[in-house]
Amino acid sequence: MIAQFTSMIQMTSALPNDKACREYLELRRWNGIPTCPNCGVVDENHYKLNVKGEFKGMYKCRSCKERFTVTVGTVFEGSNIGLHKWFLALYMFSAHKKGISSHQLARDLGVTQKTAWFMLHRLRSVFTDTSDSPLGGEGVVVETDTTIVGGKSKTMSNKKRKAMKGDRSVAMANKTAVSAYIERGGTIRFDVVDSNENEPDLVRTHVAKDSVLMTDTANTYIAVGKEYAFHGSVDHSKSEYVKDGVIHTNTIEGAFSHFDRMVFGTYHSISRKHMQAYCNELGFRYNNRKVTDQIRFDMALLKTAGVKLPYRILIAK
């Protein structure tokens, strides 16, 4: 029987140690029947190998004779951190609305900040929207907007402030543009704008042409808006937020408020290199905000398969 829990205290009671967590992962990932990650053979009679007379989750495939555990091919593979701590980290990471900092996680789990930071990035790597399909469709309202992260002038020297006034490239050097696209009543998708990208092309990539597009009055949306079934816009500079009861960008603005609280309230400073990963993290939690914490936890747990993030890749420049 699969353990049930509605809070972290219940989870720690239902899954109190590495053995219980490993069995839970086997039930969720394999439906309880061992599956060899090397040849794909599903067989409840795969050999169980004992270590010092105790079975600790190591199997030997009856077909290809390779050894494996349920963590092979997941973000947990090769980790010296026990599954119980991984499960606690995943639960907190998926349940906390604004995420959790590596310093806080390190204190909660009793590990170093460096270890906690790596664990969070491994978990963050599975919170990814793998769909390439545009959002929206016939009759579906899609709102889009862009926010700028970082590079506040009040934290800069007078020299940098003067340079910003005369050169936009200097002004944007320490800033990151993040665009978002959200279906009303549906899902959200974030995309960090690279230097070789422009917002009109990103709109074409992420939003289906037969959608109803809602934006503000920024010049970047004027031309591309004509390519859609309908383009509605509101002028925030004139304190205009809703027209005709349906034309607005309040949904995307609300999502960006979650983004701001995550960035400034929890992480404080995010490098451009990792910005997309943090955006994906928020997107996963936002799109699954209406399900229970256990369902969200299980969804994230299943997504840990097939993803590996070596430390050397994470810190590479």
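These lines cover the structure that appears in this document, whether it is placed above or below. Since this is a predicted model, take the numbers as computed values, not measurements.

The rules we used
Residues numbered from 1 in each chain as written. Predicted model: local features only at pLDDT ≥ 70, side-chain atom pairs only at ≥ 80, totals over all residues. Heavy atoms only, no water. Helix = DSSP H or I, 4+ residues; strand = E, 2+ residues; numbered from the N terminus. Contact = heavy atoms within 4.5 Å. Buried < 20%, exposed > 50% of the residue type's maximum accessible area, 1.4 Å probe, protein only. Polar contact = N/O pair within 3.5 Å; in protein donor to acceptor, adjacent residues only side chain to side chain. Phe/Tyr/Trp six-rings, centres within 6.5 Å; stacked < 30°, edge-to-face > 60°. Lys NZ or Arg CZ within 6 Å of the ring centre and 35° of its normal.

### Comments concerning the environment of glycine 99
Logical step 1: Locating glycine 99 in the fold gives a position in the loop between α3 (83-95) and α4 (102-109).
Logical step 2: Here the alpha-carbon distance between glycine 99 and glutamate 281, two residues 182 residues apart in the chain, equals 8.2 Å.
Logical step 3: Contact partners of glycine 99, with chain neighbours within four places excluded, come to Thr266, Tyr267, Glu281 and Arg285.

### Notes on the environment of arginine 261
Logical step 1: When you line up the elements, arginine 261 lands in helix α10 (residues 250-267).
Logical step 2: Classification of arginine 261 as partly exposed rests on a relative accessible area of 39%.
Logical step 3: C-alpha of arginine 261 to C-alpha of lysine 65: the two residues are 196 residues apart in sequence and 50 Å apart in space.
Logical step 4: Apart from the residues within four sequence positions on either side, arginine 261 is in contact with Lys98 and Thr266.

### Topic: the side chain of threonine 215
Logical step 1: By the secondary structure assignment, threonine 215 is in strand β7 (residues 212-216).
Logical step 2: Polar side-chain contacts of threonine 215 include one of 2.8 Å to the side chain of histidine 231.
Logical step 3: In contact with threonine 215, not counting residues within four places along its chain, are Thr144, Tyr221, His231, Gly232, Ser233, Val234 and Thr249.

### Concerning the packing of aromatic side chains
Logical step 1: Tallied over the full model, the rule gives 21 aromatic pairs.
Logical step 2: Measuring from ring centre to ring centre gives 5.7 Å for tryptophan 30 and tyrosine 59, while their planes differ by 75°; the resulting arrangement is edge-to-face. Highlighted residues: tryptophan 30 in helix α2 (residues 18-30) and tyrosine 59 in strand β2 (residues 54-60), separated in sequence by 29 residues. Each of the two residues, tryptophan 30 as well as tyrosine 59, counts as buried.
Logical step 3: Through a chain of ring-to-ring contacts, three or more aromatic side chains come together here, namely Phe5, Tyr24, Phe76, Trp86, Phe87, Tyr91 and Phe297.
Logical step 4: Positioned above the aromatic ring of tyrosine 267 is the side chain of arginine 124, whose terminal nitrogen or guanidinium carbon lies 5.3 Å from the ring centre.
Logical step 5: A cation over a ring is seen here: arginine 285 above phenylalanine 93, with NZ or CZ 5.5 Å from the ring centre.

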